[in-house]
Amino acid sequence: MPRTSPALDRATPEAIAVAALRLIDEEGPGALSFRTLADRLQISHATVQRRCTDLAGLLDLCTEHLAGQIPEVPPGTGWAQASELRFAALYRLLTAHPGLLVLRGGRPWTGRQLLARLVEPQIADSLAAGFSPAEAMTVYRRLYLLTLGSAAFVDHRDPAGATALSRTALAALDPAGFPALTTDIAALLPALTDHQVYYGALRQLIEAARPDPA
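Residues numbered from 1 in each chain as written. Predicted model: local features only at pLDDT ≥ 70, side-chain atom pairs only at ≥ 80, totals over all residues. Heavy atoms only, no water.

1. A word on a nonpolar patch on the surface
No. 1: A surface patch of nonpolar side chains, about 240 Å² in accessible area, is lined by Phe178, Leu181 and Leu188.
No. 2: Its location among the elements puts Leu181 in helix H11 (residues 179-183).
No. 3: Here Leu181 falls in the partly exposed class, since its relative accessible area comes to 37%. (Patch = residues over 30% accessible without salt bridge, like charges linked within 9 Å, V, L, I, M, F, W, Y side chains within 5 Å. Areas by Shrake-Rupley, 256 points an atom, 1.4 Å probe, with all protein chains shown as cover. Salt bridge = Lys/Arg side-chain N within 4 Å of Asp/Glu carboxyl O. Helix = DSSP H or I, 4+ residues; strand = E, 2+ residues; numbered from the N terminus. Buried < 20%, exposed > 50% of the residue type's maximum accessible area, 1.4 Å probe, protein only.)

As structure tokens, then:
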């Protein structure tokens, strides 16, 4: 009979991703390391590395875990509604784990789950709605960049802290040089952490790209 390893059984890709995300969320992106993660999982550093190879592989496990939570849109859903459902779901996942965005930086998100749950169905729906392949990818990229940028711009898990930092920065400005930014700071700040700013922009982009009815 093949030998099994209890450590490898505990170090499934799913378990590693969940533990890594929890570590990032609780202690910040700087706390993530193979050794710290191994301690949390009560396995060896080498076992984690065997599963992930390197930090890039570990981050890929995390993003694949999250991408698997993007809902599958029911067949027959209109193009605009399907687009909003997919990208709004991605936004919620990303804003829940801002530290992961910091660690991934500009690395592309091309894992199988993301391709299967987001990219493939979105492009397929766009083609079925009458977009050319180039138009379908252009619209996808606009929606994706809006979502990624909106999630990365501010730590939505700590809106009070983000608002306080912005308030301090704006209060330090010279009104003579920055009259617009210093006129009514209290009125400007709420939009920085308001999720509705993203959802409104998402709907505007979708509406602008909506194909004309046949």
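Okay, back to it.
2. Section: unusual backbone geometry
No. 1: We note that Gln42 has phi near 60°; this positive angle belongs to a residue other than glycine.
No. 2: Judged by relative accessible area, Gln42 falls into the exposed class, the value being 65%.
No. 3: Even without a glycine there, the phi angle at Thr53 is positive, about 75°.
No. 4: Among the secondary structure elements, Thr53 is positioned in the loop between helix H4 (45-52) and helix H5 (55-67).
No. 5: With relative accessibility at 55%, the residue Thr53 sits in the exposed group.

3. What about the pattern of salt bridges?
No. 1: Inspection of the entire model under this criterion finds 7 salt bridges.
No. 2: One salt bridge connects Glu27 with Arg40, and the closest N-O pair in it is separated by 2.9 Å. One end of the pair, Glu27, is in helix H2 (residues 13-27); the other, Arg40, is in helix H3 (residues 34-41), with 13 residues separating them in the sequence.
No. 3: The partner of Arg104 in a salt bridge is Asp60, and the shortest N-O contact between them spans 3.1 Å.

4. With respect to the environment of Leu173
No. 1: Mapped onto the elements, Leu173 comes out in the loop between helix H10 (159-171) and H11.
No. 2: Other than its neighbours up to four places away in sequence, Leu173 contacts Phe178, Leu181 and Thr182. (Contact = heavy atoms within 4.5 Å.)

5. A closer look at the packing of aromatic side chains
No. 1: If you walk through the whole model with that rule in mind, you get 6 aromatic pairs.
No. 2: Their ring planes at 50° and their centres at 5.7 Å tell us that Phe87 and Tyr140 sit as a pair that is tilted. Linking Phe87 in helix H6 (residues 79-96) with Tyr140 in helix H9 (residues 133-152), this pair joins segments that are 53 residues apart in sequence.
No. 3: Judged by its relative accessible area of 0%, Phe87 falls in the buried class.
No. 4: Consider the rings of Tyr140 and Tyr144, whose centres lie 5.8 Å apart with planes at 10°: the pair is stacked. Here the residue Tyr140 and the residue Tyr144 both occupy positions in helix H9, the gap between them amounting to 4 residues, near one helical turn.
No. 5: Judged by relative accessible area, Tyr140 falls into the buried class, the value being 8%.
No. 6: Among the residues examined, Tyr144 registers a relative accessible area of 12% and is labelled buried.
No. 7: A network of ring pairs unites the aromatic residues Phe87, Tyr140 and Tyr144 as a single cluster.
No. 8: Just above the ring of Trp109 sits the side chain of Arg104; from NZ or CZ to the centre is 4.8 Å. (Phe/Tyr/Trp six-rings, centres within 6.5 Å; stacked < 30°, edge-to-face > 60°. Lys NZ or Arg CZ within 6 Å of the ring centre and 35° of its normal.)

6. What about helix H14 (residues 195-209)?
An α-helical turn contains 3.6 residues, so any two residues separated by three or four positions project in the same direction.
No. 1: Between its first and last C-alpha, H14 extends 22 Å over 15 residues, near the 21 Å set by a 1.5 Å rise per residue.
No. 2: Along H14, the residues that are buried comprise Tyr198, Tyr199, Leu202, Ile206 and Ala209. The buried residues of H14 occupy an angular sector of 100° when projected down its axis, which confines them to one face. For H14, the exposed residues set more than 90 degrees away from the buried face come down to Gln204 and Ala208.
No. 3: Buried residues along H14 sit against H6 and H9.
No. 4: Where H14 begins, one side-chain oxygen reaches toward the backbone nitrogen of Gln196, 2.9 Å away; that side chain belongs to Asp194. (Expected span 1.5 Å × (residues − 1). Arc of directions from axis to C-beta. Polar contact = N/O pair within 3.5 Å; in protein donor to acceptor, adjacent residues only side chain to side chain.)

7. Notes on the nonpolar core
No. 1: Core analysis: the largest hydrophobic core is formed by 53 residues, its most contacted members being Ile16, Leu37, Leu58, Phe87, Trp109 and Leu202.
No. 2: Leave out the neighbours within four places in its chain, and Leu37 touches Ile16, Ala19, Ala20, Leu23, Val48 and Leu58. (Core = buried A, V, L, I, M, F, W, Y, C linked by side-chain atoms within 4.5 Å.)

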